[in-house]
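Reading the structure
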Amino acid sequence: MSKPFLVLDNLMATYNGTVAAKDITLEIAQGELVALLGPSGCGKSTTLRMIAGFVPPTSGRVFIGDVDATSLPAHRRNIGMVFQSYALFPHLNVLENVAFGLRMRSVSRPLRQEKAAAALALVGLEKLADRYPSQLSGGQQQRVALARALVIEPSVLLLDEPLSNLDAHLRAEMRLEIRALQQRLSITTVFVTHDQSEALAMADRVVVMNAGSIVEVGTPREVCDAPRHEFTAAFLGERAVVSGQVMDGVFHGQGLTCSGAPDGATKAVLRASRLRFEESAGPALTDGRVSASAFLGDAIETDVDTPAGRIRVIIPSDTPVPPVGSQCRIHALPGSVTFI
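Residues numbered from 1 in each chain as written. Predicted model: local features only at pLDDT ≥ 70, side-chain atom pairs only at ≥ 80, totals over all residues. Heavy atoms only, no water.

1. Some details on the overall build of the protein chain
A tally of regular secondary structure across the protein chain gives eight helices and 21 strands. Classification of the 340 residues of the protein chain by burial places 48% in the buried group. Long-range contacts, defined here as pairs at least 24 residues apart, represent 65% of the contacts in the protein chain between residues at least 6 apart. Here the protein chain has roughly 15600 Å² of accessible surface; of this, 51% comes from carbon and sulfur atoms. Charge centroids of the protein chain, computed over 32 positive and 34 negative side chains, lie 7 Å from each other. (Helix = DSSP H or I, 4+ residues; strand = E, 2+ residues; numbered from the N terminus. Buried < 20%, exposed > 50% of the residue type's maximum accessible area, 1.4 Å probe, protein only. Contact = heavy atoms within 4.5 Å. Areas by Shrake-Rupley, 256 points an atom, 1.4 Å probe, with all protein chains shown as cover. Lys, Arg positive; Asp, Glu negative; His and termini not counted. Charge placed at Lys NZ, Arg CZ, Asp CG, Glu CD.)

2. Some points on helix 3 (residues 109-122)
Note on helix geometry: an α-helix contains 3.6 residues per turn, so any two residues three or four positions apart are oriented the same way. With 14 residues, helix 3 ought to run about 20 Å at 1.5 Å a step, and its terminal C-alpha atoms sit 20 Å apart, in line with that. Taken as a whole, helix 3 has its buried residues at Arg-112, Ala-116, Ala-119 and Leu-120. Summarising the axial view, the buried residues of helix 3 lie within an arc of 100 degrees, below the 170-degree limit, and thus occupy one face. Set apart from the buried face of helix 3 by more than 90 degrees, the exposed residues are Pro-110 and Glu-114. Where helix 3 is buried, its residues touch helix 2 (94-104) and helix 4 (138-150). (Expected span 1.5 Å × (residues − 1). Arc of directions from axis to C-beta.)

3. Brief notes about the UniProt feature "domain: ABC transporter" (unreviewed entry) in the protein chain
Taken from the UniProt record, the annotation "domain: ABC transporter" (unreviewed entry) applies to residues 6-236. Taken end to end, residues 6-236 is 36% helix and 27% strand, and its first and last C-alpha atoms sit 26 Å apart. (UniProt positions renumbered as here; feature names shortened; annotations may be inferred.)

4. A word on the environment of Phe-251
Here Phe-251 is to be found in strand 13 (residues 250-253). Along the sequence, Phe-251 and Ala-261 sit ten residues apart, while their C-alpha atoms lie 5.7 Å from each other.

5. A short note on the nonpolar core
Within the largest apolar cluster, 45 residues are counted, with the highest numbers of intra-cluster contacts made by Val-98, Leu-120 and Leu-146. Contributions of two or more residues to this core are made by strand 3 (33-37), helix 2, helix 3, helix 4, strand 7 (156-160), helix 5 (168-185), helix 6 (196-202) and strand 9 (205-210). Excluding residues that lie within four positions of it along the chain, Leu-120 makes contacts with Val-94, Leu-95, Val-98, Leu-125, Glu-126, Ala-129 and Ala-147. Counting residues in hydrophobic clusters, the runner-up holds 29 residues, among them Leu-8, Leu-48, Ile-51 and Val-207. (Core = buried A, V, L, I, M, F, W, Y, C linked by side-chain atoms within 4.5 Å.)

6. Examining the sheet that holds strand 14 (residues 256-259)
If you walk across this open sheet you meet the three strands as 12-13-14, and the pairing is antiparallel. Of all strands in the sheet, those bounded by a partner on one side alone are strand 12 (245-247) and strand 14. Adjacent strand axes in the sheet meet at a mean angle of 25 degrees when their direction is disregarded. In terms of strand pairing, strand 13 meets strand 14 through four bridges, oriented antiparallel. Bridge pairing links Val-250 to Ser-259 in strand 14. (Pairing = 2+ DSSP bridges. Axes fitted to C-alpha atoms, helices over the stretch in contact; angles between N-to-C directions.)

7. Concerning the pairing of strand 19 (residues 309-316)
The two faces of a sheet get side chains in turn, since along a regular strand they alternate between them. Bridge analysis of strand 18 (residues 299-306) against strand 19 gives eight bridges, and the strand direction is antiparallel. The residue bridging Ile-300 from the neighbouring strand is Ile-315, located in strand 19.

8. Quick look at unusual backbone geometry
Residue Asn-10 is not a glycine yet carries a positive backbone phi of 55 degrees. Structurally, Asn-10 can be placed in strand 1 (residues 4-15). Residue class for Asn-10 comes out partly exposed when judged on its relative accessible area of 39%. We note that Asn-78 has phi near 55 degrees; this positive angle belongs to a residue other than glycine. In this structure, Asn-78 sits in the loop between strand 5 (67-68) and strand 6 (79-82).

9. Details of the side chain of Glu-161
Position of Glu-161 relative to the elements: it lies in the loop between strand 7 and helix 5. One buried charge, Glu-161, has no salt-bridge partner; the nearest side chain with opposite charge is Lys-44, at 4.2 Å. One polar contact links Glu-161 to His-194, side chain to side chain, over a distance of 2.6 Å. (Salt bridge = Lys/Arg side-chain N within 4 Å of Asp/Glu carboxyl O. Polar contact = N/O pair within 3.5 Å; in protein donor to acceptor, adjacent residues only side chain to side chain.)

10. Here we look at the environment of Gly-297
With respect to the secondary-structure elements, Gly-297 resides in the loop between strand 17 (284-295) and strand 18. With a relative accessible area of 31%, Gly-297 lands in the partly exposed category. Taking the C-alpha atoms as reference points, Gly-297 and Gly-53, 244 residues apart in sequence, are found 45 Å from one another.

11. Regarding the packing of helix 2 against helix 3
Interaxial distance between helix 2 and helix 3 falls to 9 Å at its minimum, and their mutual angle equals 120 degrees. Taken together, the axes of helix 2 and helix 3 lie oblique to each other. In this structure, the crossing between helix 2 and helix 3 has a hand that is right-handed. Taken together, the residues of helix 3 that come into contact with helix 2 (itself represented by Val-94, Leu-95, Val-98, Ala-99, Leu-102 and Arg-103) are Arg-112, Gln-113, Lys-115, Ala-116, Ala-117, Ala-119 and Leu-120. For the contact of helix 2 with helix 3, the class distribution of residues is nine nonpolar, one polar and three charged. (Parallel < 35°, antiparallel > 145°, perpendicular 65-115°, else oblique. Left-handed = near helix turned anticlockwise from the far one by under 90°. Nonpolar A, V, L, I, M, F, W, Y, C, P; charged D, E, K, R; others polar.)

What follows is the structure, encoded as C-alpha cells:
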C-alpha cells in the first residue's frame, strides 16, 4: 500500500459507559475504497462518524493527510458524506440541494450553481436540476446525495449504507456506478455496509468488524477465500465451520474428514457454493440426510444434517439434488474447504 492518507490510530468511542468501538487502528491509502463490513451494532457507523467528526473519540486520533483532525469540527475536515436516508432538503430543488454545501462555504451564487450543475452531470442528473426530492425515485435521490457530497471536492468521501433503501436490482446497478465514479475521481472512500456482496463488489479492502472491534482486514478475495478468523468465515457467505484436529495432514472433526490440512488447524470452513453431491466432484467429506431444499432460480440451496451439524450445499439449478429425507454424501470441489 502507498503512503496512508487517512489514518485511524487506536480509536475508541463510548456512550454512557458502553463501548461502541474500541482499538480501531487502520491505514487507508489515497484513492483507496475501504468497506467497513459487519452486523448491526458492530461499531462500523460509529467509526465512520468519528472520521467525519460527528462523534468525538473517547481516545485515539484521526489523521487526514498530514493533519491531526481529531479535534477539528466536522465542517473543517473537508469530508463529503452520504447518509443512509440521503437527508435531502424537501423545500430545495435538486440543484439547490447539491449546492448547499458550497453555500455554507460562502461560495458565490454563480460559481456554486456552476459547480452544482457539473456535479449533477457527473451522476447523470443534469436534466433534473429543477425537480424536488419528492419528485425523484430512490435511485435518483441517492445520486443527488452523492453529487452533494462530491461538489465540495472532499478529501475523503464517507458512505453510510447509502444503498440499503434501494431494491435489489437498483442496488446492484448503483454499487457499480459508485465504484466507477470513485475510481475515476481517485477519492479516498470509506463505505459502511452489512451487505457482504456490496463490500466484495466495491472495495479494494474489506474491514470485517464485530462487537466494536476490527476482526480482520484484507482484499475481498482474501477475506472471502481464505478467512483467518472464525467470525469472518461464518459471516461471509454460506459456510459451515466444523471444529476438529489434524493428524498426519488429515483434518478430523465430528464425522468429517478432509486431507491437506495444515498442522495446528482447529477448524474446517466449508463453502456452500463449492460443495457437491456427485462423487465425480471430488473427495467425500461427510455423510448426512437432506433436511430441506429450495429452488432459487440459478441455484438450489440444500441443507444437510450431518454428525458435524447442518451443512448447506448450493449447486447449479440444472444439477440433480437428493430428495428431502434421503441419505447423501457431500463431496468437495477444489477450494471448498479452508482451515483456521
